[in-house]
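# Geometric and topological summary
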Amino acid sequence: MNVVVCLRAPPPDPEVDTLARADALALGHALALGAGDHQTTALLGGTSMEAGSLRLALAAGVERAVRVAADDMAGTDFHTIGQLLAIALRRIGADLVLTGARSDDEGLGAAPAAIARHLGANYVAGVEEIAVVSAGTVDVVARGGGRKRRLRVKLPAVLTIAAGPAAPRQRPPRTGAPPAIEVIPLSDPEATVVRRRTELLGRLEPASRGVETVTSAAALVAALDRR
Amino acid sequence: MAGATVYAIVMSDREIARAVVARLGRAGADKVLLCEGAGLAAPALDATHGAALQAAVERVAPLLVLFPAGGAGMALGPSLAARIGAAFAGAADLEATDAAGPLADGVGRVVLRRWRGRRAAYRRLDPVEIERPVIAILAAGVAAQQVGSEVIDVDVIACAPPRGNTTSEISSEPDDAAAIPLARVLVAVDPALGPEAVTRIAAAAPPGVAVVDRNRSAAAIAASAPEIVIAIGDVELSAMGTPRGRLGAILFGDAALPPRAVDVLWRLPATALGDELWSEIGEALSAFASKDVS
């Protein structure tokens, strides 16, 4: 089974590679599924300057890291992101795709549904637990409608991860150097069908809000509840 | 809003009770669209409910599709947006505007406003301007008001079961965190502060205020869009709440805070940690009880 974790590009930091907490949860689940029968791949859309999360994923134990070369994913609508990543996921041959909940730059959490739509895959949001049942099926735990449910999901599937694995598993240390990050260029003829619809993000407006400093719990509550 | 028709979409496996229809009418619905089909009374999933919701939405060609906080928004909203090519907002405020636009004179407009990730800016979504529907999840804590009539029509859409059984329920139990996404006020506590912090603060919190451990309730926090958020200790704050909401933080020592991350900050020395502080915070939360909380 090919398990792919979609990571976001964190703000570029020349000093330290960082992984968003939501992405770390998704990566934790992927690694917890165990090696052997599964190949785990980390996927990211962005520039080479934004590949830090892929390096971290390789260090954590994924077998493969792939970057879709794109200059401005941060300002791209989720439909386009979904289409781009779906092209890469088809290339990789993904069976199970994991993403952080609301981990895109806009904080929407909509790109995974767009990926699922373009892949023709199942989509389940807010997953807390994953267990592989067979090569084509996983069991997941998700909440909704006042119930905590265990669901059997046929693959391919895209799951957004809302909580960490119950038993994080460390993979054995890699012997030798980690593999190089593979690149899928946007000049790929298959990717040129992508049509950006950035207007769907909405019009940008400045948010000029200052920070009020207080010195007691009562003052904090009063300041927050002020209308 | 002049000229707007409000449809309430209900999914069920049977006819809905007259009392439910009356309640939806009182809340402002002009009409109910009942998607009736096997399995639709179960909690919503894209695999089981997505096609039915799409059928209902395409029948009325809406400008806006709104999900309540704590509802099926994250399960169905993004996939509906992907299916129909709509915009999406995971936590948004609904605003009426009289600003000039492409519509005929006298027709009011509604727009949505959401945070851009990390509270860097707002995004304003006007379905007329972008010429696509907008799908959004609203913030928790809006008090119900009687604004409409109890007597409204119900249109029934017969929904066939989805082709192929791709997702099925194996077991289910009551969700002990179901109240968290419905809370008007969410207090998220860093587990590194110790279990006593959540216990003591929660003991004094009034109804409508959820006090939760950041890790243990991560899924419920991710599904939340509260009106007011208070983060205690190291809690990632991005994508929580709506622009109309307020965000506060209680930090210890010289813990870093990203720019524009919060509206109100209380910084304490690390030596202040302890039961006395948790009790003070819990007691302060009682001020929220005077508000109309749901």
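Owing to the predicted nature of the structure, the values given are computational and were not obtained by experimental measurement. (Residues numbered from 1 in each chain as written. Chains lettered and ligands numbered in written order. Predicted model: local features only at pLDDT ≥ 70, side-chain atom pairs only at ≥ 80, totals over all residues.)

Attention now moves to the overall build of chain B. Secondary structure summary: chain B contains 7 helices and 14 strands in total. Relative to the compact-globule value of 19 Å for 294 residues, chain B shows a C-alpha radius of gyration of 21 Å, a close match. Counting only C-alpha atoms and orienting by the principal axes, one finds that chain B spans roughly 60 × 50 × 35 Å. Within chain B, the fraction of its 294 residues that count as buried is 45%. When contacts within chain B are restricted to residue pairs at least 6 apart in sequence, those whose partners lie at least 24 apart make up 69%. (Helix = DSSP H or I, 4+ residues; strand = E, 2+ residues; numbered from the N terminus. Rg over C-alpha atoms; globule rule 2.2 N^0.38 Å. Buried ≥ 20, exposed ≤ 12 C-beta atoms within 10 Å, placed from the backbone. Contact = placed C-beta atoms within 7 Å.)

Turning to the sheet that holds strand E5 (residues 122-134) of chain A, a few remarks are in order. Hydrogen bonds between backbone groups are what pair the strands of a sheet, and the pairing can be parallel or antiparallel. What the 10 strands build is an open sheet, ordered E9(A)-E3(A)-E2(A)-E1(A)-E4(A)-E8(A)-E5(A)-E6(A)-E7(A)-E9(B); its pairing is mixed. What marks the edges here is a single partner per strand, and that holds for strand E9 (182-185) of chain A together with strand E9 (167-174) of chain B. On average, each strand axis in the sheet is inclined to that of its neighbour by 30°, with strand direction left out of account. One ladder, built from 5 bridges, connects strand E4 (residues 96-100) of chain A with strand E8 (residues 157-161) of chain A; its direction is parallel. Residue pairing across strands places Thr 99 of chain A opposite Thr 160 of chain A, the latter belonging to E8 of chain A. Of the strands in this sheet, E4, E5 and E8 of chain A touch helix H4 (residues 111-119) of chain A, which is tilted by about 175° from E8 of chain A. (Pairing = 2+ DSSP bridges. Axes fitted to C-alpha atoms, helices over the stretch in contact; angles between N-to-C directions.)

Attention now goes to the interface of chain A and chain B. If you look at the interface, chain A gives 62 residues, while chain B gives 65 residues. Of all elements in the fold, only helix H3 (78-92), H4, E5, strand E6 (137-144), strand E7 (147-154), strand E10 (203-206), strand E11 (212-214) and helix H5 (217-224) of chain A reach the threshold of two or more residues within the side of chain A that touches chain B. Per-element accounting of the side of chain A that touches chain B gives the leading share, 8 residues, to E7 of chain A. Alignment of E10 of chain A against strand E6 (residues 121-125) of chain B, held across 4 bridges, turns out to be antiparallel. Across the sheet, the residue bridging to Pro 206 of chain A is Ala 121 of chain B, located in E6 of chain B.

Residues and elements named next belong to chain B. As assigned here, chain B comprises domain 1 (7-158) and domain 2 (180-290). With centres defined by C-alpha atoms, the gap from domain 1 to domain 2 works out at 30 Å. Broken down by secondary-structure element, the contributors of at least two residues to the side of domain 1 that touches domain 2 are strand E4 (87-97) and strand E5 (109-115). A total of 4 residues in the side of domain 1 that touches domain 2 trace back to one element, the largest contributor, which is E4. (Domains from an automatic or database assignment.)

Our focus in this paragraph is the nonpolar core. Residues Val 5 and Val 124 of chain A together with Val 187 of chain B are the most contacted members of the largest nonpolar core, which totals 157 residues. If you count residues domain by domain, this core takes at least three from each of domain 1 (7-158) and domain 2 (180-290) of chain B. (Core = buried A, V, L, I, M, F, W, Y, C linked by C-beta atoms within 7 Å.)

Across 3 bridges, the pairing between E11 of chain A and strand E14 (residues 264-268) of chain B is parallel. Bridge pairing in E14 of chain B places Thr 213 of chain A opposite Leu 265 of chain B. Alignment of strand E13 (residues 246-252) of chain B against E14 of chain B, held across 5 bridges, turns out to be parallel. The residue bridging Ile 250 of chain B from the neighbouring strand is Trp 266 of chain B, located in E14 of chain B.

Counting buried residues along H4 of chain A, 8 of its 9 residues qualify, which places the element largely inside the surrounding structure. Ala 111, Pro 112, Ala 113, Ala 114, Ile 115, Ala 116, Arg 117 and Leu 119 of chain A are the residues of H4 of chain A that are buried. Buried residues belonging to H4 of chain A abut H3, E4, E5 and E8 of chain A together with helix H3 (73-84) of chain B. Where H4 of chain A terminates, the next one or two residues include Gly 120 of chain A, which has phi positive at roughly 70°.

Turning our attention to the pairing of E6 of chain A. Residue and element names in this part refer to chain A. Counting buried positions along E6 gives 6 out of 8 residues, so the element sits mostly inside the fold. Bridge analysis of E5 against E6 gives 6 bridges, and the strand direction is antiparallel. Bridge assignment links Ala 131 to a residue of E6, and that residue is Asp 139. Turn length for the E5-E6 hairpin, with the two strands adjacent in sequence and antiparallel, is 2 residues. In terms of strand pairing, E6 meets E7 through 8 bridges, oriented antiparallel. Looking at E7, one finds that Gly 144 is bridged to Arg 147.

Attention shifts here to the sheet that holds E6 of chain B. The 6 strands lie next to each other as E10(A)-E6(B)-E5(B)-E4(B)-E7(B)-E3(B), forming an open sheet whose pairing is mixed. Two strands in the sheet have a free side with no partner beyond their single neighbour: E10 of chain A together with strand E3 (64-67) of chain B. Averaged over all pairs of adjacent strands, the angle between strand axes in this sheet comes to 45°, irrespective of strand direction.

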